[in-house]
Amino acid sequence: MIKALVWGENIHERENEVVAGVYPDGMHACIAAALNADPGIQAETATLQDPEHGITAERLARTDILLWWGHAAHADVSDVVVQLVADAVYSGMGLILLHSAHFAKIFKHLMGTPCNLTWREAGERERLWVTAPGHPIARGLPPSFVLEREEMYGEPFGVPEALETVFISWFQGGEVFRSGLTYRRGAGNVFYFRPGHETYPTYYDANVRKVLTNAVHWAHNPQRATGDIHAAPNVRVNAAPEKIVARGPRLHKDGEDGFR
Ligand code: ZN
């Protein structure tokens, strides 16, 4: 059983009546329900309003996959929580970033780039093309599928070149966007998935729900549960596995830790 945690900023749903009408229990609850329809996934939720944003080291330790939706309050997410999530990813937790989470602190932290893009809120048609047929995240999908109303995100998308580009979106207004990108950070699998603007019923769409469910399975690193993943050490090693003849000059003296 894969344990997923769906984190929602949960602001638009409480403050905007259009969004509340679409997602009366919050987007995070809608997404968790989609995941829980899969017998192999057990999903729960956390929000920004929970103590410590609902994210503690203990909770992350029993979370296989964290899904993240944020938009209006990226700056309110504490840096302590961002570091906790980053450390969990390095040690093998999967992370799935949704829609405007392209600007979440954790995504920018893991990417190391501005993660900027162009955008337009005009209820346009979006067609997502599967650009990696046979990829586990695209399992069971048609060659392309349509979301009748979505926000437009356009290139250039300021992220590092992805390991794999699983989807590319075309928008009615003419722009295109790399909508499904995979990364590896430490032992953690990371997936960015573009659709999911708060005023549209995107997370009820059967294909979107399939992508999220597939992505949870794809991002799962079962080695993490075995405790076999060790962070890359940052230590001086004096003994070499092969015979060497040490040559100078040397800066560090014996017995000196030398972190400077
Ligand atoms: Zn949006």
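For the structure itself, look to the data block above.
About the criteria used
Residues numbered from 1 in each chain as written. Predicted model: local features only at pLDDT ≥ 70, side-chain atom pairs only at ≥ 80, totals over all residues. Heavy atoms only, no water. Donors = N, O, S within 2.8 Å, 3.2 Å for Na, K, Ca; no water. Helix = DSSP H or I, 4+ residues; strand = E, 2+ residues; numbered from the N terminus. Buried < 20%, exposed > 50% of the residue type's maximum accessible area, 1.4 Å probe, protein only. Salt bridge = Lys/Arg side-chain N within 4 Å of Asp/Glu carboxyl O. Pairing = 2+ DSSP bridges. Axes fitted to C-alpha atoms, helices over the stretch in contact; angles between N-to-C directions.

J.: Got a minute to help me understand the coordination of the zinc ion in this structure?
T.: Reference geometry at the metal: tetrahedral coordination by four donors gives ideal angles of 109.5 degrees; octahedral coordination by six donors gives 90 or 180 degrees. Of the protein atoms, only His99 (NE2), Glu151 (OE) and His197 (ND1) coordinate the zinc ion, at distances of 2.0 to 2.1 Å. Mapped onto the sequence, the residues coordinating the zinc ion show the spacing H-x51-E-x45-H. Here His197 lies in the loop between β9 (188-193) and α7 (206-219) and Glu151 lies in strand β6 (residues 144-154), a separation of 46 residues in the sequence. An identical accessibility class is assigned to Glu151 and His197; each is buried.

J.: What am I meant to see in the pattern of salt bridges here?
T.: Opposite charge on two side chains allows them to pair when their charged atoms are near. This model, assessed by the stated rule, comprises 9 salt bridges. Arg120 is paired through a salt bridge with Glu124; the nearest N and O atoms lie 2.8 Å apart. When its relative accessible area of 7% is taken as the criterion, Glu124 is described as buried. In this structure, the salt-bridge partner of Glu155 is Arg178, at a minimum N-O distance of 2.8 Å. With Glu155 in the loop between β6 and β7 (164-171) and Arg178 in strand β8 (residues 176-185), the pair connects residues that are 23 residues apart, well separated along the chain. When its relative accessible area of 18% is taken as the criterion, Arg178 is described as buried. Because the salt bridges share partners, they merge into one network encompassing Glu44, Arg59 and Arg62.

J.: Is there a simple way to think about the sheet that holds strand β4 (residues 94-98) in this case?
T.: Strand pairing in a sheet relies on backbone hydrogen bonds, with the paired strands running either antiparallel or parallel. Strand order in the open sheet formed by 9 strands is β2-β1-β3-β4-β9-β8-β7-β5-β6, with mixed pairing between adjacent strands. Of all strands in the sheet, those with a lone pairing partner are β2 (41-47) and β6, marking the two edges. Neighbour-to-neighbour, the strand axes of this sheet turn through a mean angle of 25°, independent of strand direction. Across 7 bridges, strand β1 (residues 2-8) lies against β2 in parallel orientation. Residue Trp7 lies in a different strand from β2, and its bridge partner there is Ala46.

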